[in-house]
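Chains, contacts and geometry: an overview
In case you want the letters, here they are:
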Amino acid sequence: MHMGKRILLVVMLFLVLLLQLEPKKEIKKEKNENQIEEKRAIYVSYIELQKYIKGKTVEDAKKNIDNMIDNIADFHFNMILLQVRSFSDAIYESKYFPWCNCVTDSNTSPGFDILDYFIKKSHCKNIELHAWVNPYRISNKTDTSLLPKDSYALKFLESGDAKVLDNGIFYNPASSKVQKLIVDGITEIVENYQVDGIHFDDYFYPSVEIDSSFYNDYLKTHKDISVSDYHLMNVNHLVEKVHEITKKHQVLFGIAPEGNIENNYTRNSADVYLWGSSDRYVDYLMPQIYYGFENEAKPFYEVLTTWEQLVSKSNVKLLPALAFYKINTEDKYAKSGIHEWMEHDDIIMRQVLLSRNKNHYDGFSIFRYDNLFPNQEVAEVMKNEIKNLKKIIPN
């Protein structure tokens, strides 16, 4: 064979070999890049913090935190929603908010930075830590004398930027001073701590009347706007600002609105349709779908599907929050499904499996830690529910 033809044949064989190998290499690379683990989150509220930290020595408090994180990691959860501000306070050293009464007496330091300790221990176990903030609530009580003397709440009560209502004390969502305080507080967290996200729950407008004077002043210089739209506008402004801050610092921002979509508009002034259809407000929605399959008014799968449709035109991820706290209890608003959580021991497992089929699904969350990790004897239905959930959690 002519030397030139031999060389050409060798080159052709080499090219064929490359074409056979290269696609396999590329496919393998693409699979690794796109393989994203679902988020499995658990709420750690001020109730747990009060139980495991308040009144304890620093050593015992840290041991309790270690034990909590070990339990979460052993169950193969990978995300903690830690309540860092429940009542205009903080579980860390803050220049805006006093120490939380849930971890210390008299709003003095408990001897260590709880948020920092949680973050470091969680990250050692490859667990994300999202700082859970309740933006507007100051107190569940109406006695203003119980508020810390250096609290912004006291100053804002004098100016009308906070108010005492029948069910507690709250910041006025229409106040620019309040919005600045909340945004400054979020900025303080993301600048000083290695959190993976900021999280809001479902508490937004505390009452229709809290900002009535602000609303009337607004109408004097702006176009006519309904009270409900005015409330939505104020909350949206805050949410958008917080999202700008978190995006700038490359952390996630998510909200856990009420599972009943209608109630978000009639009660809470939470504009979930806007948040779910735009990339300007949140990275994920974690609707509290605290319903069973047999709930007459709000059956779980129907509500889940509605939330999936709500986020279908955006990049917002869906992480349904599930009601572990309802196991072995009567669901009094479920009508004929009142005994579902007492009669079945695989509800949460089935809810997770169904949620995984949704296109925008990114994970799920459990409310809350003490319900999943009870430190006392529990009913058989609870034990079985925990075992069934474990069966579908990847190791």
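Residues numbered from 1 in each chain as written. Predicted model: local features only at pLDDT ≥ 70, side-chain atom pairs only at ≥ 80, totals over all residues. Heavy atoms only, no water.

Moving on, we get to the packing of helix H13 (residues 347-355) against helix H15 (residues 380-391). Relative to each other, H13 and H15 sit at 25 degrees, their axes nearing to 7 Å. The orientation of H13 relative to H15 falls into the category roughly parallel. From H13, Ile347, Ile348, Met349 and Val352 reach across to H15, where they touch Glu385, Asn388 and Leu389. For the contact of H13 with H15, the class distribution of residues is five nonpolar, one polar and one charged. (Axes fitted to C-alpha atoms, helices over the stretch in contact; angles between N-to-C directions. Helix = DSSP H or I, 4+ residues; strand = E, 2+ residues; numbered from the N terminus. Parallel < 35°, antiparallel > 145°, perpendicular 65-115°, else oblique. Contact = heavy atoms within 4.5 Å. Nonpolar A, V, L, I, M, F, W, Y, C, P; charged D, E, K, R; others polar.)

With that settled, consider the side chain of Ser122. Relative to the helices and strands, Ser122 is located in helix H4 (residues 114-124). Every residue in contact with Ser122, bar those within four places of it in the chain, is listed here: Ile69, Ile80, Ile127 and Leu129.

Residues of strand S7 (residues 197-200) alternate between two faces, with Gly197 and His199 on one and Ile198 and Phe200 on the opposite face, all of them buried. By the bridge criterion, four bridges tie S7 to strand S8 (residues 252-255) in an arrangement that is parallel. The partner of Ile198 across the bridge, within S8, is Phe253. (Buried < 20%, exposed > 50% of the residue type's maximum accessible area, 1.4 Å probe, protein only. Pairing = 2+ DSSP bridges.)

Another point: the packing of aromatic side chains. Within this structure, the stated rule accounts for 21 aromatic pairs. Each ring, one from Tyr52 and one from Tyr369, has its centre 6.2 Å from the other, and the planes form 90 degrees; the classification is edge-to-face. Separated by 317 residues along the polypeptide, Tyr52 in helix H2 (residues 46-52) and Tyr369 in helix H14 (residues 369-372) bring together distant segments of the chain. Residue class for Tyr369 comes out buried when judged on its relative accessible area of 2%. An aromatic cluster of at least three residues, connected via ring pairs, comprises Tyr52, Phe75, Phe77, Phe364, Tyr369 and Phe373. Here the guanidinium or amino end of Arg137 rests over the ring plane of Phe87, the centre of that ring lying 4.2 Å away. The lysine or arginine in question, Lys155, covers the ring of Tyr152, its NZ or CZ lying 4.7 Å from the ring centre. (Phe/Tyr/Trp six-rings, centres within 6.5 Å; stacked < 30°, edge-to-face > 60°. Lys NZ or Arg CZ within 6 Å of the ring centre and 35° of its normal.)

Right, let's talk about the sheet that holds strand S4 (residues 137-139) for a bit. Taken together, three strands build an open sheet; the order of strands is S4-S6-S5 and the sheet is antiparallel. Edge positions in the sheet fall to S4 and strand S5 (162-165), since each has one partner strand and no second. Within this sheet the neighbouring strands show an average axis-to-axis angle of 30 degrees, counted without direction. By the bridge criterion, two bridges tie S4 to strand S6 (residues 168-171) in an arrangement that is antiparallel. Note that in S6 the partner of Arg137 across the bridge is Phe170. Contacts between helix H5 (residues 152-159) and the sheet are confined to S4, S5 and S6, with S5 contributing the most and set at about 85 degrees to the helix.

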